[in-house]
Amino acid sequence: MLSKRLVSNFQSMLRSKLYFYLRKSLWIYLLCSILLGVLRPIGEATAFMSMVYYFAGINALLWPLQLLSSWLLARKTDFDAIVHFTDAEIRIEHQNREEVETRDWSWVRRIDRRGGRFWFIIDQDPPLSLNIPESALQQSEIAFLERIR
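Quick caveat, the model's predicted, so the values are computed rather than measured. (Residues numbered from 1 in each chain as written. Predicted model: local features only at pLDDT ≥ 70, side-chain atom pairs only at ≥ 80, totals over all residues. Heavy atoms only, no water.)

Colleague: Tell me about the layout of surface pockets, and please be specific about residues and values.
Modeller: Within this model, the largest pocket holds a volume of roughly 600 Å³. Forming the boundary of the largest pocket are 27 residues, of which Met13, Gln124, Pro126, Pro127 and Leu128 lie nearest the centre. Mapped by element, the contributors of at least two residues to the lining of the largest pocket are α1 (10–39), α2 (47–77), β3 (90–94), β4 (100–103) and β7 (128–133). No other element matches the eight residues that α1 contributes to the lining of the largest pocket. Looking at the lining of the largest pocket residue by residue, the class counts come to 13 nonpolar, seven polar and seven charged. The computed volume of the second largest pocket comes to approximately 220 Å³. Taken together, 16 residues line the second largest pocket, and the ones lying closest to its centre are Leu6, Val7, Ser12, Arg15 and Asn131. Every element with two or more residues in the lining of the second largest pocket is listed here: β1 (2–7), α1 and β7. (1 Å grid on protein atoms, 1.4 Å probe; cavity = no way out; pocket = protein on both sides within 12 Å on 5 of 7 lines; lining within 4 Å. Points joined across faces, edges and corners; volume = space filled by probe spheres on them. Helix = DSSP H or I, 4+ residues; strand = E, 2+ residues; numbered from the N terminus. Nonpolar A, V, L, I, M, F, W, Y, C, P; charged D, E, K, R; others polar.)

Colleague: Describe the packing of α1 against α2, and please don't skip the residues or the numbers.
Modeller: For the pair α1 and α2, the least separation of the axes is 9 Å and the interaxial angle reads 155°. As summarised for this structure, α1 and α2 are arranged roughly antiparallel, according to the angle between their axes. Relative to α2, α1 is oriented so that their crossing is right-handed. Here the contact of α1 with α2 is composed, by residue class, of 22 nonpolar, eight polar and one charged. (Axes fitted to C-alpha atoms, helices over the stretch in contact; angles between N-to-C directions. Parallel < 35°, antiparallel > 145°, perpendicular 65-115°, else oblique. Left-handed = near helix turned anticlockwise from the far one by under 90°.)

Colleague: I'd like to hear about the sheet that holds strand β6 (residues 117–122), residue by residue, with values.
Modeller: Read across the sheet, three strands follow the order β5-β6-β7 without closing on themselves; strand pairing throughout is antiparallel. Strands with a single pairing partner mark the edges of an open sheet, and in this sheet they are β5 (108–114) and β7. Within the sheet, the average angular offset between the axes of one strand and its neighbour, ignoring direction, is 20°. As judged from the six bridges shared by β5 and β6, these two strands associate in the antiparallel manner. (Pairing = 2+ DSSP bridges.)

Colleague: Explain helix α3 (residues 139–148) to me, using residue names and the numbers behind them.
Modeller: For α3, the set of buried residues is Glu141, Ile142, Phe144 and Leu145. Buried positions in α3, seen along its axis, are confined to an arc of 155° and lie on one side of it. Turned more than 90 degrees away from the buried face of α3, the exposed residues are Gln139, Ser140 and Arg147. Taken together, the buried residues of α3 touch β1, β2 (80–85), β5 and β6. (Buried < 20%, exposed > 50% of the residue type's maximum accessible area, 1.4 Å probe, protein only. Arc of directions from axis to C-beta. Contact = heavy atoms within 4.5 Å.)

Structure (structure tokens):
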């Protein structure tokens, strides 16, 4: 069994956005930049430099939107709970409202272990991730998460 307090704030939302960007979107933006750089070079620039310019331009547009989106999601989500993970279920005791939820493990689409954290990808649209740093876990809790992964 594992019990941790999970809070959804700007930092956790931005970390979640960064996780999804590195996991999925980065490759799409790189491919688009390569295609644009080869098919539509910018002025007299080489195809490679055009790829770099396109990638930098895409990210220059993307990151302010990611920051704004993280800020808005953090204000809207309002998730502050103590989450109890057991073999059979996930029990969520909300701290900011009088509510206790019980979910089964189908609520978690996937558990990843990356960058010194355990990432719980929640089965909803848009995708949401909760994460727990490994440094905040005991060895028995890490073994529990590895087993249910």
